[in-house]
Amino acid sequence: MYFEFANPVKLLSGDFALENIASELRQLEASRPMILTDDTLKKIGSLSCLEKALADGGVKPAGVYTEIPLDSSVSIVNEIASHFRSSQADSLIALGGGSVIDTAKGVRMLLSQGGKDLMNFRGAEVLPRGRFIPFVVVPTTSGTGSEATGVAVIKDVENQVKLEFTSIFLVPDVAVLDIRMLETMPARITALTGLDALSHAIEAYSSMQRNPVSEAYAISAIRLIMKSLEEAVVNPRDKEARLNMANAAFLAGASFSNSMVGIVHAIGHSVGAVSHVPHGEAMAILLCPGMRYNMERNRQYYAELLEFVAGPEIFCSTAVDARAEMCISYLEKFMGRLKAHARINLTLHDAGVSRDDFRKIAERSISDGALIVNRRDAGVQEIEEILEAAY
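Residues numbered from 1 in each chain as written. Predicted model: local features only at pLDDT ≥ 70, side-chain atom pairs only at ≥ 80, totals over all residues. Heavy atoms only, no water.

Q: What should I look at first to understand the overall build of the protein chain in this one?
A: Looking only at helices and strands, the protein chain has 14 helices and eight strands in total. The C-alpha atoms of the protein chain give 20 Å as radius of gyration, which agrees with the globular expectation for 391 residues (21 Å, within 12%). Considered along the principal axes of its C-alpha atoms, the protein chain spans approximately 60 × 45 × 45 Å. Buried positions account for 57% of the 391 residues belonging to the protein chain. At a minimum sequence separation of 6, the contacts of the protein chain that also span at least 24 residues come to 77%. Roughly 16,400 Å² of accessible area belongs to the protein chain as shown, and the carbon and sulfur atoms make up 50% of that amount. (Helix = DSSP H or I, 4+ residues; strand = E, 2+ residues; numbered from the N terminus. Rg over C-alpha atoms; globule rule 2.2 N^0.38 Å. Buried < 20%, exposed > 50% of the residue type's maximum accessible area, 1.4 Å probe, protein only. Contact = heavy atoms within 4.5 Å. Areas by Shrake-Rupley, 256 points an atom, 1.4 Å probe, with all protein chains shown as cover.)

Q: Looking at this structure, I do not really get the sheet that holds strand β5 (residues 135-139). What am I missing?
A: Strand pairing in a sheet is mediated by backbone hydrogen bonds. Such pairs are either parallel or antiparallel. Within the open sheet, the six strands sit side by side as β1-β8-β5-β4-β2-β3. Their pairing is parallel. Two strands close off the open sheet at either side, each with one partner strand: β1 (10-13) and β3 (63-65). On average, adjacent strands in this sheet sit at an angle of 15° to one another, irrespective of strand direction. Bridge count between β1 and strand β8 (residues 174-177): four bridges; the pairing is parallel. (Pairing = 2+ DSSP bridges. Axes fitted to C-alpha atoms, helices over the stretch in contact; angles between N-to-C directions.)

Q: I would appreciate a short explanation of the pattern of salt bridges in the present structure.
A: Side chains bearing opposite charge may pair, as long as their charged atoms lie close to each other. Applying the stated criterion across every chain yields a total of 17 salt bridges. Between R180 and D178 there is a salt bridge; the shortest N-O distance is 2.7 Å. A residue is classified by how much of its surface remains accessible, and R180, at 27% relative accessible area, is partly exposed. D178 gets classed as buried once you look at its relative accessible area, which sits at 2%. Between E215 and R210 there is a salt bridge, with the nearest N and O atoms lying 3.2 Å from each other. By relative accessible area, E215 is classed as partly exposed at 25%. When salt bridges with common partners are traced through the structure, they connect E19, D178 and R180 into a single cluster. (Salt bridge = Lys/Arg side-chain N within 4 Å of Asp/Glu carboxyl O.)

Q: I tried to follow the environment of E384 on my own but got confused; where do I start?
A: Along the chain, the position of E384 falls in helix α14 (residues 380-389). What E384 contacts, discounting residues up to four positions off in sequence, is F358, R359 and A362. Within polar-contact distance, the side chain of E384 engages the side chain of R359 at 3.1 Å. (Polar contact = N/O pair within 3.5 Å; in protein donor to acceptor, adjacent residues only side chain to side chain.)

Q: Can you help me understand the packing of helix α4 (residues 74-87) against helix α5 (residues 98-113) in this one?
A: Relative placement of two packed helices is described by the angle separating their axes and the distance separating the axes. Between α4 and α5, whose axes approach to 9 Å, the crossing angle comes to 60°. Relative to α5, α4 is oriented oblique. For the crossing formed where α4 meets α5, the hand is right-handed. Residue-level contacts link I76, V77, N78, I80, A81, F84 and R85 of α4 to T103, G106, V107, L110 and L111 of α5. Class assignment for the residues of the contact of α4 with α5 results in eight nonpolar, three polar and one charged. (Parallel < 35°, antiparallel > 145°, perpendicular 65-115°, else oblique. Left-handed = near helix turned anticlockwise from the far one by under 90°. Nonpolar A, V, L, I, M, F, W, Y, C, P; charged D, E, K, R; others polar.)

Q: Explanation requested: helix α3 (residues 46-56) in the structure shown.
A: An α-helix turns once per 3.6 residues; consequently, residues spaced three or four apart project the same way. The set of residues buried in α3 consists of S46, L47, L50, A53 and L54. What you see down the axis of α3 is that its buried residues fit within an arc of 125°, all on one side. Facing away from the buried side of α3 by over 90 degrees, the exposed positions are K52 and D56. Elements that come into contact with the buried residues of α3 comprise α1 (21-27), β2 (33-36), α2 (39-43), β3 and β4 (91-96). Positive backbone phi, approximately 80°, marks G58, located one or two places after α3. (Arc of directions from axis to C-beta.)

Q: Explain the packing of helix α7 (residues 212-234) against helix α12 (residues 323-342) to me, please; I cannot follow it from the model alone.
A: Between α7 and α12, the shortest axis-to-axis distance is 9 Å and the interhelical angle comes to 15°. By the angle between their axes, α7 is roughly parallel relative to α12. Between α7 and α12 lies a crossing whose hand is left-handed. Facing I225, M226, L229, E230, V233 and V234 of α7, the residues of α12 in contact are Y330, L331, F334, R337, L338, H341 and A342. Counted by class, the contact of α7 with α12 contains ten nonpolar, one polar and two charged residues.

Q: Got a minute to help me understand unusual backbone geometry in this structure?
A: In most cases, non-glycine residues show a negative phi, while peptide bonds are predominantly trans. Even without glycine at this site, E29 takes up a positive phi of about 60°. Even without a glycine there, the phi angle at M260 is positive, about 70°. For M260, the position within the fold is in the loop between α8 (239-259) and α9 (263-275). A relative accessible area of 29% means that M260 is categorised as partly exposed.

Q: I keep staring at the packing of aromatic side chains and nothing clicks. Help me out?
A: Within a pair of aromatic rings, the relevant descriptors are the distance that separates the centres and the angle that separates the planes. The tally for this structure, following the rule as stated, stands at three aromatic pairs. Ring plane angle 45° and centroid distance 5.1 Å describe the contact between F5 and Y217, whose orientation is recorded as tilted. Linking F5 in the segment before β1 with Y217 in helix α7, this pair joins segments that are 212 residues apart in sequence. Taking relative accessible area as the criterion, Y217 reaches 22% and is therefore assigned partly exposed. Centroid distance Y205 to Y301: 6.3 Å. Interplanar angle 85°. Geometry classified as edge-to-face. One end of the pair, Y205, is in helix α6 (residues 187-206); the other, Y301, is in helix α10 (residues 279-310), with 96 residues separating them in the sequence. The exposure class of Y205 is buried, given its relative accessible area of 3%. Above the plane of the ring of Y205 lies R210, whose end atom (NZ or CZ) is 4.6 Å from the centre. It is R376 that lies over the ring of Y293; its NZ or CZ is 3.9 Å from the centre. (Phe/Tyr/Trp six-rings, centres within 6.5 Å; stacked < 30°, edge-to-face > 60°. Lys NZ or Arg CZ within 6 Å of the ring centre and 35° of its normal.)

As C-alpha cells, then:
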C-alpha cells in the first residue's frame, strides 16, 4: 500500500498558549503581523486578549482587519492583501472560525504568489511554494479543523459559487488552542461544530484513502469528542472539555486533510449551497443516514469504531456481527441528547429543507470531490434516498 501524510503545523495547546505566539513569530523571523478577525470577536474581547498577549511578548501588529463576514469572498481576500502590502506587515495571524481562517489562507496564497486577484489561482494542488509568509491560526470554534488543513473555501460572489483551493502550502505554520478563545461559544455552536469534527473523523477513518496515520488521528479525535462534547455543551466553563474538543477538531482536521471524507460531506456541501443549512447542522443531520448507506462497504470500519464511540464495555458486550449497527445506533442516541441540550436540528425537515430541492441537491452532490473517495458509489437516485432517510 502506498500513502502520503503531511501535518507540518506546530500545535500550541493549553493554558496561556496565546502568550507563546510572540516567541513563535520570532522563530519564524517575523515581527509585524497583520491580525485578521471579525467584528464579533472584537466586541467580546477576544481580539484585545490576543493583542495583550502579543504586547507582553514585545510584538506590535502592523495592522488589524476586523471586517471579515460569515461567508468571506474573493474580493475581501484581494482587499486584505492590498492592506497587508501597504502596512508593510510580514506575517499573518488569523483569529476566528472557519471563514476567518479560510480568508487568511486566501490572503497568504495571494501574497506568496505575488498576485492581486485570487481568481487567478483556482485549482487543487497547483501552487508552487512561492514567497514564505509566516502564518499563525487561533481558532475560536472547535469543529472545522481548518487550522490543520490545506484547504480554503472562499465565495465567488459574482458567480454565486464557493471555490475550493487546495494546497499543502495553505497549511498554517502554527495553530494555537487557548481556552480563553473558546469558552464563549454558545451551546448550539459547540454542539454543531463538535459534530462537524466527529463527521470529519468518522469519514476519514472509513474513506478509500484511509491510512495508518490518518486512522490514528481519527481514533484519537473520536475518543475525545465522545468523552467531552456533551460536557462542553452542558457545562461550557469546563476547561478540560473545551480543550479536549479543540484538540479533537485539530486531530480530525489533520486526519481528513490527508485521507479525505465521503458521502456525508458531499451531500452536506450541496445541502448548504442549495438550502442554506449551516455546515455543522448538515453534518449532524446526514452523518447517520450516510453511514447507513455505506454500511455494505464499511461494516468492518463501523464495527471497529464502536469501541471508540461507545467504550470498551459496550464493544465487548455486543455481538461481533451487531457492532456496526450498534455504532450508528449509539451515535443517534448521543445526538439525541445533544438535541435536548442545545436545540439542534437532526432532520432536513426541521432544518427547513424542502423535498422539492432534493433533485437539485443530489445533482450537485454527484459532482462533489468528496464523493470520489467514498467506498460505495452513489448516483442521483441513491442520494435522493439518503435525503429522504434524513427528512
